[in-house]
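# Structural overview
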Amino acid sequence: MAFITANWNPLGEAFYRKTELYEMCWNLRDGLRDSLVAAAPYGGPIALLREPHRRSPSSRPQLEIYSASGVSIASFPWKSGPVVQLGWTVSDELLCIQEDGSVLIYDLFGSFKRHFSMGQEVVQSQVLEAKVFHSPYGTGVAIVTGSSRLTLATNIDDLKLRRLPEVPGLQGKPSCWVVLTQDRQTKVLLSNGPELYILDSTSCTAVCPPGVSPQDGIVHMSVSFSYKYLALFTDTGHLWTGPSHLQDKMIEIDTKKKTTPKQMVWCRRPKSQQPSVVLMWDRLLLVAGVCSDTIQFPIEDPCVLVGELDGVRIISSTNQELLQEVPLVCQDIFKIASMAPGALLLEAHREYEKSSQKADEYLREIKEQSMLGEAVRQCVEAAGHEYDTNTQKSLLRAASFGKCFLTDFSPDQFVLTCRELRVLNAVRENGVGLPLTHTQFKQMTLQVLIDRLVYRQFYPLAIEICRYLKIPDYQGVSRVLKHWASCKVQQKDLSDEAIARAVCVKVGDSPGVSYSHIAAKAYECGRTELAIKLLDFEARSGEQVPLLLKMKRSQLALSKAVESGDTDLVYTVVSYLKNEMNRGDFFMTLRNQPVALSLYRQFCKLQEQDTLKDLYNQDDDHQELANYYVTASYREKRLESRLSLLQSAVDEYNKAKNEFAAKATEDEMRLLRFQRKLDDEKGAGLLGLSLQATMEALLALGLHKQAEQLYRDFRVPDKRYWWLKLKSLAEKEEWEELEKFSKSKKSPIGYLAFVDICMKCNNKYEAKKYVSKVTPEQKVKAHLAVSDLEGAADAAIERRNESEMGAVLSRCSTSDRLLIDRLNRARATAPKK
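An unreviewed UniProt entry annotates the protein as Vacuolar protein sorting-associated protein 16 homolog of Seriola dumerili. Of the protein, the UniProt comment under Sequence similarities (unreviewed entry) reads exactly: "Belongs to the VPS16 family." Recorded in UniProt for the protein, the comment headed Function (unreviewed entry) runs: "Plays a role in vesicle-mediated protein trafficking to lysosomal compartments including the endocytic membrane transport and autophagic pathways. Believed to act as a core component of the putative HOPS and CORVET endosomal tethering complexes."

### Digging into the overall build of the protein
Assigned secondary structure in the protein consists of 33 helices and 29 strands. The C-alpha atoms of the protein give 50 Å as radius of gyration, which overshoots the globular expectation for 833 residues (28 Å, by more than 25%). Here the C-alpha coordinates of the protein stretch approximately 140 × 75 × 60 Å along the principal axes. Classification of the 833 residues of the protein by burial places 49% in the buried group. Intrachain contacts of the protein at a sequence separation of at least 6 include 49% that bridge at least 24 residues. By element, 48% of the accessible surface of the protein is carried by carbon and sulfur atoms, the whole surface being about 41000 Å².

### Thoughts on the domain arrangement of the protein
Split into domains, the protein comes out as domain 1 (327–409) and domain 2 (620–716). For domain 1 and domain 2, the distance between their C-alpha centres works out to 106 Å.

### Notes on the pairing of strand E3 (residues 35–39)
Consecutive side chains of a regular strand alternate in pointing toward one face of the sheet and then the other. In this structure, E3 lies alongside strand E4 (residues 46–50), joined through five bridges in antiparallel fashion. If you follow Ala 38 over to E4, its bridge partner there is Ala 47. Following E3, the chain reverses through six residues before pairing antiparallel with E4; Tyr 42 in that reversal takes a positive phi of roughly 55°.

### Looking at the environment of Val 545
If you trace the backbone, Val 545 turns up in helix H15 (residues 541–550). Between the alpha carbons of Val 545 and Leu 710 there is a distance of 59 Å; along the sequence they are 165 residues apart.

### So, the packing of helix H5 (residues 372–385) against helix H7 (residues 412–427)
Relative to each other, H5 and H7 sit at 15°, their axes nearing to 10 Å. The orientation of H5 relative to H7 falls into the category roughly parallel. Considering the relative orientation of H5 and H7, their crossing is left-handed. Taken together, the residues of H7 that come into contact with H5 (itself represented by Val 380, Ala 383 and Gly 384) are Gln 413, Phe 414, Thr 417 and Leu 421. Of the residues belonging to the contact of H5 with H7, the class tally is four nonpolar, three polar and no charged.

### A word on the sheet that holds strand E23 (residues 263–267)
Reading across the sheet, the four strands line up as E23-E24-E25-E26 and stay open at both edges, with antiparallel pairing between neighbours. Because the sheet does not close on itself, it has two edges, and the strands there are E23 and strand E26 (294–298). Adjacent strand axes in the sheet meet at a mean angle of 20° when their direction is disregarded. Where strand E25 (residues 284–288) and E26 come together, five bridges link them in antiparallel fashion. Residue Leu 286 lies in a different strand from E26, and its bridge partner there is Gln 296.

### Looking at the packing of aromatic side chains
Tallying each qualifying case throughout the model produces 12 aromatic pairs. Ring centres of Tyr 42 and Phe 225 lie 5.8 Å apart, and the angle between their planes is 70°; on these two criteria the pair is classed as edge-to-face. With a gap of 183 residues between them, Tyr 42 in the loop between E3 and E4 and Phe 225 in the loop between strand E19 (218–223) and strand E20 (229–234) connect regions that are remote in the sequence. With a relative accessible area of 32%, Phe 225 lands in the partly exposed category. Geometrically, the ring pair formed by Phe 76 and Tyr 106 is tilted, given 5.4 Å between the ring centres and 35° between the ring planes. Here the residue Phe 76 occupies a position in strand E6 (residues 72–77), and Tyr 106 occupies one in strand E9 (residues 102–106), the gap between them amounting to 30 residues.

### Description of the pairing of strand E24 (residues 276–280)
Burial within E24 is extensive, with five of its five residues counted as buried. Along E24, one buried face is formed by Ser 276, Val 278 and Met 280 and the opposite face, lined by Val 277 and Leu 279, is buried too. Strand direction decides the pairing type here: E23 and E24, joined by five bridges, are antiparallel. Paired with Trp 266 across the strands is Val 277, a residue of E24. The antiparallel pairing of E24 with E25 creates a hairpin that spans three residues between the two strands.

### A few points about the packing of helix H11 (residues 477–488) against helix H13 (residues 515–524)
Where H11 meets H13, the axes come as close as 8 Å, and the angle between the chain directions of the two elements is 25°. On the basis of the axis angle, H11 is roughly parallel to H13. In this structure, H11 meets H13 at a crossing whose hand is right-handed. Contact with H11, carried on its side by Lys 482, Ala 485 and Ser 486, involves His 517, Ile 518 and Lys 521 of H13 and no other residues of that element.

### Some details on the nonpolar core
The biggest cluster of nonpolar side chains holds 69 residues, and the ones touching the most others in it are Leu 345, Leu 449, Val 503 and Leu 534. No other element matches H5, which puts seven residues into this core. Contacts of Leu 534, omitting those with residues within four sequence positions, involve Val 489, Ala 500, Val 503, Tyr 515, Ile 518, Ala 519 and Ala 522. Counting 33 residues, the second largest nonpolar core, distinct from the first, contains Leu 671, Leu 699, Ala 730 and Leu 752.

### Some points on the sheet that holds E19
Strand order in the open sheet formed by four strands is E19-E20-E21-E22, and the pairing between neighbours is antiparallel. A strand with exactly one partner marks an edge of an open sheet, and here the two such strands are E19 and strand E22 (251–254). Across the sheet, the mean angle from the axis of one strand to that of its neighbour is 15°, orientation sign disregarded. Here five bridges tie E19 to E20, and the two strands are oriented antiparallel to one another. In the strand pairing of E20, Met 221 is matched with Leu 232.

### Observations regarding the side chain of Thr 417
Looking at the secondary structure, you find Thr 417 in helix H7. Given a relative accessible area of 3%, Thr 417 falls into the buried group. Sequence-distant contacts of Thr 417, that is, excluding residues within four places in its chain, are made with Val 380 and Gly 384.

### Considerations on helix H12 (residues 496–507)
Taking 1.5 Å per residue, 12 residues should reach 16 Å; H12 reaches 16 Å between its end C-alpha atoms and fits that length. Residues Ile 499, Ala 500, Val 503 and Val 507 constitute the buried set of H12. The arc that holds the buried residues of H12, viewed along the axis, is 100°, so those residues lie on one side. Contacts made by the buried residues of H12 are with H11, H13 and helix H14 (528–535). In the segment just after H12, Gly 508 is the residue with positive phi, at about 60°.

### Describing H13
What H13 keeps buried is the set Tyr 515, Ser 516, Ile 518, Ala 519, Ala 520 and Ala 522. Once H13 finishes, Gly 526 follows within two positions and takes phi at roughly 85°, a positive value.

### Let's talk about the environment of Asn 763
For Asn 763, the location among the structural elements is in the loop between helix H28 (752–760) and helix H29 (764–769). When its relative accessible area of 15% is taken as the criterion, Asn 763 is described as buried. Between the alpha carbons of Asn 763 and Val 786 there is a distance of 9.5 Å; along the sequence they are 23 residues apart. Here Asn 763 is in contact with Trp 735 and Cys 758, once residues within four sequence places are set aside. Of note is the side chain of Asn 763, whose polar atom sits 3.0 Å from the backbone nitrogen of Glu 766.

About the thresholds
- Throughout, residues of each chain are indexed from 1 in the direction in which the sequence is written.
- The predicted origin of the model limits local features to residues at a pLDDT of at least 70 and limits the giving and counting of side-chain atom pairs to 80 or more, whereas totals for whole chains, interfaces and linings rest on all residues.
- For side-chain calculations, the full set of non-hydrogen atoms in the structure is used, while hydrogens and water are omitted.
- UniProt positions are given in the numbering used here, feature names are shortened, and annotations may be inferred rather than shown by experiment.
- The helix and strand labels rest on DSSP assignments: H or I over at least four residues marks a helix, E over at least two residues marks a strand, and numbering proceeds from the N terminus.
- In this setup the radius of gyration rests on C-alpha atoms only. A globule is expected at 2.2 Å times the number of residues raised to 0.38.
- Classification of residues uses two cut-offs on accessible area relative to the type maximum, computed with a 1.4 Å probe and protein chains only: under 20% is buried, over 50% is exposed, and between them is partly exposed.
- Here, two residues are considered to be in contact whenever any of their heavy atoms come within 4.5 Å of each other.
- Areas reported here follow the Shrake-Rupley algorithm with a probe of radius 1.4 Å; residue values treat only the protein chains shown as occluding.
- Note that domain bounds follow an automatic or database assignment of domains.
- Here, any two strands with at least 2 DSSP bridges between them count as paired.
- Only the contacting stretch of a helix is used when fitting its axis, a line to C-alpha atoms as for every element, and angles between N-to-C directions run 0 to 180 degrees.
- By the definition adopted for this analysis, an angle is roughly parallel if under 35 degrees, roughly antiparallel if over 145, roughly perpendicular if from 65 to 115, and oblique otherwise.
- The handedness criterion is simple: a crossing whose near helix is rotated anticlockwise from the far helix by less than a right angle is left-handed, and one whose near helix is rotated clockwise is right-handed.
- By the convention adopted, Pro, Cys, Tyr, Trp, Phe, Met, Ile, Leu, Val and Ala count as nonpolar, Lys, Arg, Asp and Glu as charged, and the other residues, Gly among them, as polar.
- In summary, the pairing rule links any two rings of Phe, Tyr or Trp, Trp by its six-membered ring, whose centres are within 6.5 Å, and it sorts them by plane angle into stacked for under 30 degrees, edge-to-face for over 60 and tilted for everything else.
- Among buried residues, the Ala, Val, Leu, Ile, Met, Phe, Trp, Tyr and Cys ones that are joined through side-chain atoms within 4.5 Å form a nonpolar core.
- Helix span is expected to be 1.5 Å times the residue number reduced by one.
- In this description, the arc belongs to the directions extending from the helix axis to the C-beta atoms.
- The term polar contact refers here to a pair of N or O atoms within 3.5 Å; inside protein, the definition further demands a hydrogen-donor-capable atom paired with an acceptor-capable atom, and it admits residues adjacent in sequence only when both atoms are side-chain atoms.

Right, dumping it as structure tokens:
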């Protein structure tokens, strides 16, 4: 496999290689010269702000956005102010920092999203230099103004500007500076000639890295991708590297170059002990590592270096390459004369394909060392680090060949790597333009990759990847469809009907996709009718109604709420309508929805009585309005107010042709007047009592004449009056009055009641007076009530009633032997029923 190592370059104990990623698809007439360039990491997009051609000085600069492979995504003339710096956020949004301190934000397709300012004082002093950086808090912006002050915003999504302290002796812009993120704090390292300062929110501290001469001026500096390491380039051509806390030194190299490099970027593989720095001049690319040696690459065209997690992307006008340290596992397998298990397994497979017996010899050698499992692991891991598909296949076939001779080897890692490489190879294609390495992919995570594809509108590819990797729908396909539908509703060249039909066919009932969310996007784009059509597909009324209210479609919102059967939702809509509409329109709207009207009436009965009255008036509902007046009368304490409300109720009952209710209400008014008269005359305290309670109170107070008047005037039923008076006289032990009352006329409740009430008052004597007056059917009960067994027996025998005789027998004791015999003889001759 010597051809693989042909482009390897040794540097100390490590090797570095350049892998061609793309022949760029763009056609830049002047290359990258005279252009402001910003490329996002993790194979992100490239932005170019190209100055107008010299022959047409009146034309405007052109802002162009490309994929990493050079495919044009957006292009438009720049009509705003002069731009100092371009940069990308972690979510692939373009930041354009202007001289006046304004920061304009565009999406990947060149659509303006929003802007913010780095401070009002910047407008006068202007921005001299700016940097876009990433911290644990998000994407940040740092600027140096014409007044030699630095301002930071650590998170542009939660903008909080920090103005850093002044730097002693600084006039204009510094020699060089860089933003550091240490221990969740954002600081600035700044060089002003031979002096080096660290600035934080409160202080400006002079520092002197170990090994750097105080006389040497720092003219360039660079921080590593992880912010752990720092590189300083001095005006004497020396390169100093060390940790970013500046307390140790790693290496110091004399590059023999006095001119300041145009770019300086760290090139470091994760977990590598051999970090290096890439420096670029007009015609030279130099790689400096931990040893004194360097690697030099000549360059012909202007290039841009993009620091990555595991290397450096080199972008020119014609092609793009990845410069990186060769992973250790690849070194072990592909080094010339390597005896690593993976190298032997790869060679064994090559011989096997040639049907050579040497394959068996290589396998035996690996098995004797018990390293076959390790050999398979090395080949699988190395395949992940390779960019060339043929090399990937060769390594994976070798791994597959080797694992056939293992009995306890888990294939999970092999299968996962095959799947991931297939995905990576798909997104690396020129048309997609995401040149991710396996290391970057692992760091980014699959979900972020899907998000990036969705954001670039590669929906079919994103869906295929989700299905291929068997991602749950709510995390995969449904999420992609949701974004697709949100973009679909923004297409202005299609009718509402066509878009709604397309969304319904494509999305269907996919779990996790909310039609209300899609409809909200349509409404934001000004397509209200489309939003309503999409809401028809939403199964959850709770999701439909809020958006309909937001769109001022209150009638439809109320209908949907009623159809849902959710009373809370109906109340929500009704409350909204009440606040938004005038009273008349509100009531008319409710009249068209009987269910909503009924629920609102229930609410008003508990909370808004006055509104309930207005509702009944609006509907000319005289019956309910009369009921309202009656109910309201009970809440009034003043008699005049209560009588007035009851009179209104009578009038409404008459309008409703409810004569019975009208008569009952009039009786109540008469009772109130009767009670007030008695209160005035006797101080009886009857006002507000019911008819029966008034009768009871009068009898209890001994006001029998007044009670009788109430009995006559209000046609109190005879039985009720007799019961009440009987009870009252007995409880007061007015036995003479009770006897007179019993003789006044025939009792409508029977005289057995007199017997019972006297016995309850423990007056047997009075009770016996009324035994003779009871009906024959009640004779036995009356005699038993006063404990007259002889009389009860005589009455039962006379009536020849077997059950009555049995009742008497049950009350007899052993001393009543003669009475028992008499009753038994009578029972024997009594007719059987």
